[in-house]
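The chain contents come next:
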Amino acid sequence: MNKKSVVLGVGGYLPKKILTNEELARRVDTSDEWIVQRTGIRQRHIASEDEFTSDLAEKAARDALNNAGLSTNDIDLIIVATATPDMTFPSTASLVQQKLGITQGFAFDLQAVCSGFLFALATADNYLKTGMAKRALVIGAETFSRIIDWNDRTTCVLFGDGAGAMVIEATDVSEHGDRGVLASSLRTDGRHWKKLYVDGGVSSTGTIGHLRMQGREVFKHAVGMIFDVVEDVFEKTGFHGDDLDWFVPHQANKRIIDGAGKKLKIAPQKVVVTVDIHANTSAASVPLALAVASKDGRIKQGDLVMLEAMGGGFTWGASLIRW
Ligand code: ACO
């Protein structure tokens, strides 16, 4: 293949309504101190009743297009990673395409829960490299507030709503130096599904259901799984933890982020952390963190950036990008 995918822009969107730890502590038996100490989370954003996943995705997509200096007409592939689609069908990606006024190319959803953005990025990268599309919008968008059991203190403190997006373009390998997606690694092990799932669905219960999680079990596997895929990407590319300019992990829990950074020997000042402001937004968390660190000037063109995520399934993935 003589094509590669270069990042042209990133964007994000968080709904206006903020739900703080203190407000949550008035609903369930928890405290700001417990949540901050165990997770690093201080607040989360909640979509309004008439705001859907596709609305969040559209806003993040427009922000990313603006950041890239492109218009909607430049896009011929949209992948929306989401576990909380507007409807059973059509795909949220179809709705986003319509909201953006795009009529060319193709669009579809991808479901890998918290690892969704990494799976979507690797998928889009392959479409671009094989010449099936020229410019892709890769979006992670979630309204987890709709599947949270707000009476369950072990889960309701952890999640929030939001969307993040990235624009990537197929270019010849000889262009832009070594910029582009350098390598990705994806993994799934369905034996773990009962540790993190939603107890409802179209063909099982006919209901939406609520998120259920064995938190300690998820925690136990997270760091090792993240290490596994990041090391795989290092092996494929010949880089090491020391070579990274930025490590942008899935924003689920500050303790998981710290544990992974330590095991991978990545200096704490190179780790982008935004979980304090938006909690775990599942597939949206990595592009949201990227949008923050790119717009505040930390991530610059030419930087070596490692992305990773782990979540329900279990699924896990990593991607190394020369920005
Ligand atoms: N407030 C106060 N107390 C709580 C709360 C809460 N919100 N939630 C649980 N507790 C209590 C428990 O009931 C338990 O009480 P007990 O000892 O009387 O039984 C005590 O706190 C300790 O509970 P643990 O579950 O052992 O607490 P732990 O230190 O493991 O922290 C947590 C829980 C934060 C969920 C942690 O296990 C975790 O972060 N796991 C990873 C989960 C995660 O990030 N999931 C996101 C999806 S997957 C992903 O994105 C990677």
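Scroll up for the structure.
The following paragraphs examine the structure supplied in this document. All residue numbers here refer to positions counted from 1 along the written sequence of the relevant chain. Under the rules for a predicted model, residues below a pLDDT of 70 receive no local features and side-chain atom pairs below 80 are neither given nor counted, while totals for whole chains, interfaces and linings still include all residues. Note that the side-chain values use all heavy atoms of the structure and ignore hydrogens as well as water.

1. Considerations on helix α10 (residues 285–295)
Rule in force here: Partly exposed describes any residue whose relative accessible area lies between the buried limit of under 20% and the exposed limit of over 50%, with all areas from a 1.4 Å probe on protein chains only and scaled to the type maximum. In this description a helix means any DSSP run of H or I spanning at least four residues, a strand means any run of E spanning at least two, and both kinds are numbered starting from the N terminus.
Counting buried residues along α10, nine of its eleven residues qualify, which places the element largely inside the surrounding structure. The set of residues buried in α10 consists of S285, V286, P287, L288, A289, L290, A291, A293 and S294. Residue G297 follows α10 closely and has a positive phi angle near 90°.

2. As for the site of the ligand
What counts is decided by this rule: Whether a residue is near a molecule or strand depends on its heavy atoms: it is near if one of them lies within 4 Å of it. Polar contact is the term for a pair of N or O atoms within 3.5 Å; when the atoms are in protein, one must be able to donate a hydrogen and the other to accept it, and sequence-neighboring residues count only if both atoms are side-chain atoms. Under the convention used here, a 1.4 Å probe and the Shrake-Rupley method define accessible areas, while residue burial counts only the protein chains that appear.
Near the ligand, the surroundings consist of 23 residues, among which T30, R38, R216, H250 and N253 are the closest. With respect to the ligand, the side chain of W34 contributes an N or O atom lying 3.4 Å from a nitrogen atom. At 3.2 Å from an oxygen atom of the ligand is found a side-chain nitrogen or oxygen belonging to N280. Computed on the free molecule, the ligand has an accessible area of 1,000 Å², of which 77% lies beneath the protein chains in the complex. At the level of secondary structure, the elements contributing two or more residues to the shell around the ligand comprise α2 (32–39), α6 (153–156), α7 (215–237) and α8 (254–263). If one sorts the elements of the shell around the ligand by residue count, α7 sits on top with four residues.

3. Some thoughts on the environment of S285
Here is the rule we go by: Contacts are assigned to residue pairs that have any heavy atoms within 4.5 Å of one another.
In this structure, S285 sits in helix α10. Taking the C-alpha atoms as reference points, S285 and A163, separated by 122 residues in sequence, lie 7.6 Å from one another. Discounting residues that sit within four places of it in the chain, S285 has contacts with H250, Q251 and H278. Here the side chain of S285 touches Q251 through a polar contact of 2.9 Å, landing on its backbone nitrogen.

4. What about unusual backbone geometry?
Residues F89 and P90 are joined by a peptide bond in cis, for which omega reads 5°. Residue placement: P90 occurs in the loop between β4 (77–81) and α4 (92–100). Between G313 and F314 the backbone carries a cis peptide bond, its omega angle lying at -15°. Along the chain, F314 turns up in the loop between β12 (304–311) and β13 (315–322). Residues other than glycine seldom take positive phi values, yet K265 does so here, at roughly 60°. Relative to the helices and strands, K265 is located in the loop between α8 and α9 (275–278). On the basis of relative accessibility, which here comes to 67%, the residue K265 falls in the exposed class.

5. A word on the sheet that holds β4
How we decide: In this scheme, strands are said to pair when DSSP sees at least two bridges between them. With axes taken as lines fitted to C-alpha atoms, and helix axes fitted only over the stretch in contact, angles between N-to-C directions fall between 0 and 180 degrees.
The mixed open sheet is built from five strands, whose spatial order is β1-β7-β6-β4-β5. The outermost strands of the open sheet, each flanked by one partner alone, are β1 (3–13) and β5 (106–110). Across the sheet, the axes of successive neighbouring strands diverge by a mean angle of 20°, strand direction being ignored. Where strand β6 (residues 135–143) meets strand β7 (residues 161–172), nine bridges bridge the pair, whose relative direction is antiparallel. When the bridges of β7 are listed, E142 appears paired with G162.

6. A word on the pairing of β5
Where we set the bar: The path from the first strand over the helix to the second decides the hand: if it runs clockwise while the strands point away from the viewer, the crossover is right-handed.
Where β4 lies against β5, five bridges are found, and the strand directions are parallel. Directly across from I78, in β5, lies its bridge partner A107. The parallel pair β4 and β5 is bridged by α4, and the resulting crossover is right-handed.

7. Quick look at the sheet that holds strand β8 (residues 180–188)
Spatial ordering of the open sheet is given by β8-β13-β12-β11, a layout of four strands whose pairing is mixed. Only two strands of the sheet have a single neighbouring strand rather than two, namely β8 and β11 (246–249). The average undirected angle you get between the axes of adjacent strands in this sheet is 10°. Pairing analysis gives eight bridges linking β8 to β13, with the strands arranged antiparallel.

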